[in-house]
Structure formats: structure tokens, C-alpha cells
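# Close look at the chain arrangement
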Amino acid sequence: MDKAIMKTAWGKPVHIIRFCRTLLIVLAVAVCLATLMGCGNSALETERKAAMQGYADAQYYLGVMYDLGDGVAEDDAEAVKWYRMAAEQGYADAQYNLGVKYAEGEGVPENAAEAMKWYRKAVEQGNARAQNNLGVMYKKGVGVPEDDFWGWENDTEAVKWYRKAAEQGNATAQSNLGVMYENGEGVPKDDVVAYAWYSAAAASGHDNGCENRDDIKRRLTLSQLEKGQVMAREIFERIEKR
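A brief look at the structure comes next.

Criteria and thresholds
- Positions within a chain are numbered from 1, following the residues in the order the chain's sequence is written.
- In view of the model being predicted, local features appear only for residues whose pLDDT reaches at least 70, and side-chain atom pairs are presented and counted only at 80 or more, with totals across whole chains, interfaces and linings using the full set of residues.
- Based on all heavy atoms of the structure, the side-chain values leave hydrogens and waters out of the count.
- Salt bridges are identified by distance alone: a Lys or Arg side-chain nitrogen within 4 Å of an Asp or Glu carboxyl oxygen.
- Secondary structure elements are taken from DSSP: a helix is a run of H or I of four residues or more, a strand is a run of E of two residues or more, and numbering for both begins at the N terminus.
- Exposure categories follow from relative accessible area, calculated using a 1.4 Å probe and restricted to protein chains: below 20% of the type maximum is buried, above 50% is exposed, and the middle band is partly exposed.
- Any helix carries an expected span of 1.5 Å times its number of residues minus one.
- Counted as a polar contact is a pair of N or O atoms within 3.5 Å, where, for protein atoms, one must be capable of donating a hydrogen and the other of accepting one, and residues adjacent in sequence contribute only when both atoms are in side chains.
- Relevant arc is that of directions from the helix axis to the C-beta atoms, nothing else.
- Aromatic pairing here means that ring centres of Phe, Tyr or Trp (its six-membered ring) are within 6.5 Å. Orientation follows from the plane angle: under 30 degrees is stacked, over 60 is edge-to-face, and everything else is tilted.
- As a reminder, the over-ring test applies to NZ of lysine and CZ of arginine, requiring each to be within 6 Å of the ring centre and within 35 degrees of the ring normal.
- To qualify as a nonpolar core, a set must consist of buried Ala, Val, Leu, Ile, Met, Phe, Trp, Tyr and Cys residues joined through side-chain atoms within 4.5 Å.

### Examining the pattern of salt bridges
- Counted under the stated rule, the structure contains 15 salt bridges.
- Residue Glu78 pairs with Lys81 through a salt bridge whose shortest N-O separation is 3.5 Å. With Glu78 and Lys81 both in helix H5 (residues 76-87) and three residues apart, the pair spans about one turn of that helix.
- Close ionic contact of Glu182 with Arg219 constitutes a salt bridge, the shortest N to O distance being 2.7 Å. Linking Glu182 in helix H10 (residues 171-183) with Arg219 in the loop between helix H12 (207-217) and helix H13 (222-241), this pair joins segments that are 37 residues apart in sequence.
- Residue classification places Glu182 among the buried residues on the basis of a relative accessible area of 5%.
- For Arg219, a relative accessible area of 43% corresponds to the partly exposed category.
- Salt bridges here are not isolated pairs; linked through shared partners, they connect Glu182, Lys189, Asp191, Asp215, Arg218 and Arg219.

Okay, here's the thing in C-alpha cells:
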């Protein structure tokens with residue numbers, strides 16, 4: 001039976017990724033502003049002031065605060081507002097998060113075309129999560145032109161974007177790419193290659209990657225398993241060299 005890709009496909013909004021780097025930058029900006037203003041402000045107030053000054057990092061982080069309800073009441077619409085400000089300045093993680101909001105209808109009406117628009121902007125900057133989610137859109141046929149070949153063209157595009165994200169080390173994309181190889185969707189069916197990509201995802205602790213790897217492993221011959229393990233090591237080496 002073909003594995004369902006839906007459970008493993010979507011990447012989530014970037015909340016923790018680059019969080020420490022962003023926080024350090026934002027705090028530095030906040031300290032400078034507070035010093036210049038000669039007053040002490042709450043974290044939220046200083047973040048908001050920095051965001052209003054046009055700092056994309058601060059706008060993004062403020063969006064995250066509203067998205068998570070971190071120090072403020074959770075508010076998807078307010079999160080979208082700040083993500084949009086940062087996204088329009090070219091901040092890739094904000095573009096990705098804004099795409100997710102449109103895809104899931106959180107804080108804005110669900111709109112696949114808008115989700116695709118913002119994923120593509122993030123993809124232009126090499127954002128791996130956006131690449132994965134763009135692949136999902138093609139696999140599901142959402143927000144993309146319908147093809148006339150029983151989904152083959154969309155599957156090929158899905159594989160293309162999963163591969164780009166997978167080669168950057170994105171575990172969800174690695175698991176998704178494994179599914180495509182196992183099911184023979186967009187690529188020739190190949191359980192050995194599927195095993196290799198599942199192994200890559202499993203190495204990052206991806207639950208579905210672990211489950212899919214262990215499942216397909218039982219169907220491989222010893223020779224196939226050894227070949228798959230070699231492929232997996234080659235994947236790890238490529239990613240480490242990036």
C-alpha cells in the first residue's frame with residue numbers, strides 16, 4: 001500500500017529555528033533604543049518600538065511572540081501583521097511563516113495562492129522549510145496548475161522541491177522524498193533510495209522517518225540494505241559539506 005504523505009508533509013512555522021540568533025540581534029537593537037531614549041521598557045515595549053522603527057528581526061520576533069502567546073495573548077491576526085511587515089522587507093523566515101498562515105487559514109482567510117506566493121519568496125532565498133512546503137503544494141495539487149497526466153507533472157515538481165530541502169538537511173523533506181521513492185511518485189520506484197532518505201530523516205529524530213525506515217528495512221535483502229546504508233552515509237557527508 002502506498003504511504004500517505006500528508007502526515008509528514010507540512011513544515012511548521014519557524015519559532016525556534018534561528019531563535020537565539022534573532023533574539024541576540026533584537027536584544028541588541030532594544031538595548032540601543034532604550035539607551036537612546038533614556039528609559040527602561042518592558043521586553044514587549046522595546047520589541048514593539050524596534051519593530052516600529054522598521055527592524056525586520058524585531059518585526060519577525062514580535063510576530064513569533066503573538067504566534068506563540070509568549071508574553072502576550074496569542075493572536076494569529078497580530079502575528080500575521082508583524083510577519084507581513086518583516087516578509088515585505090525580504091525576511092525569509094517571516095515569508096515562510098506567512099505562507100504557513102495562509103495555507104492553514106490562521107489569522108487570515110485560507111488562501112493557497114497567497115501561501116504559494118510567500119513560499120516562493122522564501123524559496124528564492126534558499127529557505128528549506130519553504131522548499132518542503134512548496135513540494136507539498138505540488139503533491140496535493142493545491143495552489144498550482146492541474147496537470148493532465150494523472151498527477152505525474154505535479155509529482156515531479158514535488159520531488160524537485162523535496163530534494164532541494166532534503167539536501168539542506170530538512171528532515172521532513174527527507175522523509176517526504178523517501179515516500180516518493182517508495183511509492184514511485186515523480187521518480188522510479190526504488191526502495192533502496194527510499195531507505196537511504198528515511199535513514200537521513202531518522203538520524204534527525206524525525207518520527208515518521210524512523211517508522212518508515214524500520215518498515216521498509218524489513219522488505220530489503222541484505223545486499224539492498226548494505227547499499228542503502230552506503231547511500232545514507234553519502235547523504236550525510238554531502239549535507240555536512242554544505
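### Let's talk about H10
- Taking 1.5 Å of rise per residue, the 13 residues of H10 would be expected to cover 18 Å, and the 18 Å separating its terminal C-alpha atoms lies within 8% of that figure.
- Of all 13 residues in H10, 13 are buried, a share of seventy percent or more.
- N-cap assignment for H10: the residue whose side-chain oxygen lies 3.2 Å from the backbone N of Thr172 is Asn170.
- Downstream of H10 by one or two residues, Gly184 has phi in the positive range, about 70 degrees.

### Notes on H13
- With 20 residues, H13 ought to run about 28 Å at 1.5 Å a step, and its terminal C-alpha atoms sit 29 Å apart, in line with that.
- Every buried residue belonging to H13 is among Leu225, Gly228, Ala232 and Ile235, and all of these are buried. Mapping the buried residues of H13 onto a view down its axis gives an arc of 75 degrees, with all of them on the same face. Residues of H13 that are exposed and point over 90 degrees away from its buried face: Leu222, Ser223, Lys227, Glu240 and Lys241.

### Considering the packing of aromatic side chains
- Applying the stated criterion to the full structure yields three aromatic pairs.
- Above the face of the Trp118 ring, Lys121 is positioned so that its terminal group lies 5.8 Å from the ring centre.
- Seen from the ring of Trp161, Lys164 lies directly overhead, with NZ or CZ sitting 5.8 Å from the centre.

### A short note on the nonpolar core
- With 62 residues, the main nonpolar core has Tyr119 and Trp197 as its most contacted residues.
- Ranked by residue count, the leading element in this core is helix H4 (residues 56-68), at eight residues.

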